[in-house]
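Close look at the chain arrangement
Listed below are the residues making up each chain.
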Amino acid sequence: MNLKYRLLLIVMVFTCSLVSAQTYDMLIKGGRLIDPKNNIDATMDIAIKDGKVAKVAKSISEKEAGKVIAAQGLVVTPGLIDIHGHVFHGTEPNHYLSDGLTALPPDGFTFRVGVTTIVDCGGVGWKNFDTFKKNVIDVSKTRVLSFMNIVGEGMRGGAWEQNTGDMDAKLSGMVAKQNKKYIVGFKVAHYGSRDWIPIDRAVEAGRIADMPVIVDFGGSNEFDPLSIKELFFERLRPGDIYTHTYAELNGARETVINRKSRELEPFILDAQKRGIIFDVGYGGASFEFKQAIPALAAGLYPNTISTDLHTGSMNAAMKDQLNVMTTFLAMGMELPDVIEASTWKPAQVIQRVELGHLSEGAIADISILNIRDGEFTLWDRTGQKVPTNHKLECELTVKDGRVVYDLNGRSIQ
Ligand SMILES: [Zn+2]
């Protein structure tokens, strides 16, 4: 080929690439964008390129994008983050939430409700993290992280979780540091004796790995439970998390709303100011309106909204992340605050500040939600009902810049 033809060919290829190239892979157009980290609550377009947020602006031309998703009338948020789920599913009999049958496979229960990141909350112990990574983290499309149980065997239920001889701060801290990409902290749960051993060991592990601790406190000290005041002011550090905040549990633990006076304990808001994180962890038995309604009225809003997803909660009152968010909307929490407690707040709590927001350059995890109007009823485990006229529904979920759930085919062109 002579030089003239060669030059002509180069010009032709260059021109073709200019004509076919789109600036963006995807454009989400006309939605109400709520991005609490960036103080945005406005009608905005958002463009995505190579799995990242490329541009957020009042108007971005449709011609610049390969795919356009119409989001008029819908709410566009960062991908939801559920910091309390149970997804270490497996086939081991009698293993409860640790490689057992009570935990759920994440992808079946996340994208369809706008969740792009889920943290398994204590299923894993230092002894079986490798199994969790191989069987769950590595094969899931959902971003799966872990609060590692201070019990080496993980959340196997029964006597396994009472064995203080299996609560090793040093080894737990070591495995967490070696797997920083996936492990975000330590879990204490289901401990029934009247001592502080699991809490103190988990906090020690937290110091070793520089990670927070999440606590499901007490569980069987019906007549003389340990003091939550001591827990909040003397045992935990700022940044540590108290889950099941609105549980009543018939006195198995102290409650935020005093069971006799039915008023918020006077030290709770100070504990929150001190930096204790109050997490919902709705679960099968850990949320009651008779705690939550007066707590919110007295100013105790959750820092983070989470599900405590497992086979026992998903078909009960809890259902899923959006139902829990709808519940807090129904109790008077503002939509941007509900979104923040499900995106940017949990991202900060688990020290994953690259998640939970839609800044330009951020990972493109995005949820598109519909607020359905109608007559709906929320209910809790005691049978208490709360009516609401607004219900959150997931229209479409984007993870790493790709559509992973699409209720009404909005992404098909
Ligand atoms: Zn749980």
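Residues numbered from 1 in each chain as written. Predicted model: local features only at pLDDT ≥ 70, side-chain atom pairs only at ≥ 80, totals over all residues. Heavy atoms only, no water.

1. A word on the coordination of the zinc ion
Counted only if it meets this: Metal sites are built from N, O and S donor atoms within 2.8 Å, or 3.2 Å for Na, K and Ca, and they leave out water, so they may look incomplete. Strands here mean DSSP runs of E at least two residues long; helices mean DSSP runs of H or I at least four residues long; both are numbered from the N terminus. The buried label goes to any residue with under 20% of its type's maximum accessible area, the exposed label to any with over 50%, and the partly exposed label to all in between, with areas taken from a 1.4 Å probe on protein chains only.
Taken together, the protein donors to the zinc ion comprise His-84 (NE2), His-86 (NE2) and Asp-308 (OD), at separations of 2.1 to 2.3 Å. Along the chain, the residues donating to the zinc ion are arranged with the sequence spacing H-x1-H-x221-D. Of the two residues, His-86 sits in the loop between strand 6 (80–85) and strand 7 (115–121) while Asp-308 sits in the loop between helix 7 (289–297) and helix 8 (311–314), which places them 222 residues apart along the sequence. Accessibility classification places His-86 together with Asp-308 in one group, the buried group.

2. Structural notes on the pattern of salt bridges
Here is the rule: Salt bridges are defined by distance alone: a side-chain nitrogen of Lys or Arg within 4 Å of a carboxyl oxygen of Asp or Glu.
One pass over the structure, following the stated rule, counts 20 salt bridges. Between Glu-230 and Arg-235 there is a salt bridge, and its shortest N-O distance comes to 2.8 Å. Taken together, the shared-partner salt bridges in this structure form one network comprising Lys-127, Glu-153, Arg-156 and Asp-166.

3. Section: the domain arrangement of the protein chain
Size of an interface, as often reported, equals the accessible area lost when the parts are brought together. In plain terms, the rule: For the domain bounds, the source is a domain assignment made automatically or taken from a database. Working rule for contacts: check all heavy atoms of both residues, and any pair within 4.5 Å makes them a contact. Each of two parts loses accessible area, computed with a 1.4 Å probe, when they are put together; buried area is these two losses added. The term polar contact refers here to a pair of N or O atoms within 3.5 Å; inside protein, the definition further demands a hydrogen-donor-capable atom paired with an acceptor-capable atom, and it admits residues adjacent in sequence only when both atoms are side-chain atoms. Three classes are used, and their members are as follows: Ala, Val, Leu, Ile, Met, Phe, Trp, Tyr, Cys and Pro are nonpolar, Asp, Glu, Lys and Arg are charged, and the others, Gly among them, are polar.
Once the domains are mapped, the protein chain shows domain 1 (3–77 + 362–368 + 390–406) and domain 2 (78–349). On a C-alpha basis, the centres of domain 1 and domain 2 stand 34 Å from each other. In this assembly, 23 residues from domain 1 lie in contact with 23 residues from domain 2. Each partner contributes to the roughly 1800 Å² buried at the junction of domain 1 and domain 2, and carbon and sulfur atoms together form 68% of this total. It is Pro-36, Leu-392 and Lys-399 in domain 1 that bury the most area against domain 2; as a group they hold 31% of the surface buried on that side. Residue Arg-143 is joined to Asp-400 by a salt bridge in which the shortest nitrogen-to-oxygen separation is 3.3 Å. Where domain 1 meets domain 2, there are 8 residue pairs in polar contact (both at pLDDT 80 or more). Within the residue set of the side of domain 1 that touches domain 2, elements represented by two or more residues are strand 1 (24–35), strand 5 (75–78), strand 13 (366–379), strand 14 (385–399) and strand 15 (402–406). Looking at the side of domain 1 that touches domain 2, the element that brings in the most residues is strand 14, giving 8 residues. The class makeup of the residues in the side of domain 1 that touches domain 2 is 10 nonpolar, 4 polar and 9 charged.

4. Overview of the UniProt feature "binding site: Zn(2+) 1" (unreviewed entry) in the protein chain
Put simply, the rule reads: UniProt positions are given in the numbering used here, feature names are shortened, and annotations may be inferred rather than shown by experiment.
Following the UniProt record, one finds the feature "binding site: Zn(2+) 1" (unreviewed entry) at His-84, His-86, Lys-187 and Asp-308. For the annotated residues, spread through 225 residues, the largest C-alpha to C-alpha distance comes to 12.9 Å, consistent with a single compact locus. Mapped onto the secondary structure, His-84 falls in strand 6. A relative accessible area of 1% places His-84 in the buried class. Setting aside residues no more than four positions away along its own chain, His-86 makes contact with Leu-97, Ala-103, Leu-104, Asp-120, Cys-121, Met-155, Lys-187, Asp-308, Leu-309 and His-310.

5. Regarding the sheet that holds strand 6
Backbone-to-backbone hydrogen bonds join strands into a sheet, with any given pair of strands oriented parallel or antiparallel. Here is the rule: DSSP-based pairing: two strands are paired if at least 2 bridges between them are found. Only the stretch in contact is used when a helix axis is fitted, and all axes are lines through C-alpha atoms; the angle between N-to-C directions ranges over 0 to 180 degrees.
Sheet architecture is open: 7 strands sit in the order 6-7-8-9-10-11-12, paired in parallel fashion. On the outer flanks of this sheet lie strand 6 and strand 12 (277–278), each paired with one strand and no other. For strand 9 (residues 183–188) and strand 10 (residues 213–215), the ladder comprises 3 bridges, and the chain directions are parallel. Across the sheet, residue Phe-186 finds its bridge partner in strand 10, namely Val-213. Along the sheet, helix 9 (residues 321–330) makes contact with strand 6 and strand 7, crossing strand 6 at roughly 100 degrees.

6. Section: the packing of aromatic side chains
Heads up, the condition is: What counts as a ring pair is set by centres within 6.5 Å for rings of Phe, Tyr and Trp (its six-membered ring), and what kind of pair is set by the plane angle: stacked under 30 degrees, edge-to-face over 60, tilted for all other angles.
One pass over the full model with this rule turns up 10 aromatic pairs. For the pair Tyr-246 and Phe-328, a centre-to-centre distance of 5.7 Å together with 50 degrees between the ring planes defines the contact as tilted. With Tyr-246 in the loop between strand 11 (241–242) and helix 6 (268–274) and Phe-328 in helix 9, this residue pair connects regions lying 82 residues apart in the sequence. Phe-328 sits in the buried class, given a relative accessible area of 0%.

7. So, the confidence of the model for the protein chain
Parts of the model with low pLDDT should not have their predicted coordinates read in detail. The condition is simple: Confidence per residue, as judged by the predictor, is encoded in pLDDT with a range of 0 to 100.
The predicted model of the protein chain averages 94 in pLDDT, with 94% of residues at 70 or higher. Ignoring residues within four places in sequence, the model shows residues 15–19, a span with pLDDT below 50, making 0 contacts including any to other chains.

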